[in-house]
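If you want the building blocks of each chain, they are given just below.
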Amino acid sequence: MPLLRTHNLTAFYGDFQALYGIDLGFDAGETIAIIGANGAGKSTFLKAIAGLIPSRPDSVLLDGHPIGAKRAADIVKLGIALVPEGRRLFPSLTVEENLLIGGHGRKLAGPWTLDRVYGLFPVLKERRASAAPILSGGQQQMAAIGRALMSNPRVLLCDEISLGLAPIVIADIYAALPQIKAEGTSVVLVEQDIVQAMKASDRVYCFQEGRVSLEGRPGELSRDQIHRAYFG
Ligand code: ATP
């Protein structure tokens, strides 16, 4: 049984339908990438899993249990953490306080502590007492990932973690993923940066207008197939 599975997952903003029946699943420790053009529904998919957008109870299954109707705060406690687009750190708090908030109220035992997060991203330890907004974009992204890890997630949902960052910084952030994966954590990468996403993932899904237009292992997909799945 997959760790997480979506079954005919739909999502609406008022009358507007953003997702049309997404079926996908992944196992513990697997990394999947979701690619697709602007507006394809990638962020909406992550928000629906994270409980930020309501869905039918049985449209999201964790270990076979329906969680689609649960609230976001309960979903974090079940082991699904979101690294939101734009990082969304708490601006009035320090780096360390932001990290500690991620672990607040956690129910799950697991490997991630403040020290482990500092081991993963040593620069965060150097900047632990700094206010979050004065960090560089890359450091803020590391803090956002660290904050999510502090809840000891089984599934880490990452929304555009490379957005707006220099290639060398993106490489630093992606270099941390194998250590996260080694803990058995599943990672879902929503990315505009196709090359980066394909390199890091076991399986790729392309979304187009709220539907999966292509699915496969990175090595199996041709540029041509991806181009067609992306743009229609
Ligand atoms: P991007 O890379 O631009 O974030 P995306 O693939 O993540 O693209 P979504 O953000 O999931 O796409 O958006 C899917 C569709 O839903 C788009 O047509 C978008 O305009 C619409 N949408 C997203 N958020 C809202 C909202 N809060 N209210 C209304 N429509 C929304």
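Residues numbered from 1 in each chain as written. Predicted model: local features only at pLDDT ≥ 70, side-chain atom pairs only at ≥ 80, totals over all residues. Heavy atoms only, no water.

A. Local environment of the overall build of the protein chain. The secondary structure content of the protein chain amounts to 10 helices and 10 strands. The C-alpha radius of gyration of the protein chain comes to 17 Å, within 12% of the 17 Å expected for a compact globule of 232 residues. Along the longest, intermediate and shortest principal axes, the C-alpha atoms of the protein chain span 45 × 35 × 35 Å. When burial is assessed residue by residue, the protein chain has 51% of its 232 residues classed as buried. Restricting the contact set of the protein chain to residue pairs at least 6 apart, pairs at least 24 apart contribute 67%. Seen as two clouds, the 24 positive and the 23 negative side-chain charges of the protein chain have centres 3 Å apart. (Helix = DSSP H or I, 4+ residues; strand = E, 2+ residues; numbered from the N terminus. Rg over C-alpha atoms; globule rule 2.2 N^0.38 Å. Buried < 20%, exposed > 50% of the residue type's maximum accessible area, 1.4 Å probe, protein only. Contact = heavy atoms within 4.5 Å. Lys, Arg positive; Asp, Glu negative; His and termini not counted. Charge placed at Lys NZ, Arg CZ, Asp CG, Glu CD.)

B. Representation of the nonpolar core in the model. Counting residues in hydrophobic clusters, the biggest one holds 33 residues, and the most contacted among them are Val-83, Leu-124, Ile-145, Leu-149, Leu-156, Ile-161 and Ile-180. Within the residue set of this core, elements represented by two or more residues are β6 (80-83), α3 (95-103), α4 (114-120), α6 (137-149), β7 (155-159), α7 (167-175), α8 (177-181) and β8 (186-190). Ranked by residues supplied to this core, first place goes to α6 with 6 residues. Leaving out residues up to four positions away in the same chain, Leu-149 has contacts with Trp-112, Val-117, Leu-120, Leu-156 and Ile-180. Of all hydrophobic cores here, the second largest spans 28 residues; its members include Phe-26, Ile-49, Ile-53 and Leu-62. (Core = buried A, V, L, I, M, F, W, Y, C linked by side-chain atoms within 4.5 Å.)

C. Spotlight on the sheet that holds strand β4 (residues 60-62). Read across the sheet, 4 strands follow the order β2-β1-β4-β5 without closing on themselves; strand pairing throughout is antiparallel. This sheet does not close on itself; its edge strands, each paired only once, are β2 (16-26) and β5 (65-66). Note: strand β1 (residues 4-13) against β4, 3 bridges, orientation antiparallel. Looking at the pairing, Thr-6 lines up with Val-60 of β4. Running at roughly 110 degrees to β1, helix α1 (residues 42-50) makes contact with β1, β2 and β4 of the sheet. (Pairing = 2+ DSSP bridges. Axes fitted to C-alpha atoms, helices over the stretch in contact; angles between N-to-C directions.)

D. Structural detail: the state of the cysteines. One pass over the full model with this rule turns up 0 disulfides. For Cys-206, which is in no disulfide, the shortest distance to another cysteine sulfur is to Cys-158 and amounts to 19 Å. (Disulfide = S-S within 2.5 Å.)

E. Fine view of the confidence of the model for the protein chain. For the protein chain, per-residue confidence averages 92 on the pLDDT scale, and residues scoring 70 or more make up 98% of the total. The complex model carries a pTM of 0.94, and its ipTM stands at 0.95. (pLDDT = per-residue confidence, 0-100.)

F. Seen up close, the site of the ligand. Close to the ligand lie 14 residues, the nearest being Gly-39, Gly-41, Lys-42, Ser-43 and Thr-44. One of the side-chain nitrogen or oxygen atoms of Lys-42 is found 2.8 Å away from an oxygen atom of the ligand. Taken by itself the ligand offers 630 Å² of open surface, and the protein chains cover 62% of this. Every element with two or more residues in the shell around the ligand is listed here: β2 and α1. A total of 3 residues in the shell around the ligand trace back to one element, the largest contributor, which is α1. Among the residues making up the shell around the ligand, the classes are represented as 5 nonpolar, 6 polar and 3 charged. (Near = heavy atom within 4 Å. Polar contact = N/O pair within 3.5 Å; in protein donor to acceptor, adjacent residues only side chain to side chain. Areas by Shrake-Rupley, 256 points an atom, 1.4 Å probe, with all protein chains shown as cover. Nonpolar A, V, L, I, M, F, W, Y, C, P; charged D, E, K, R; others polar.)

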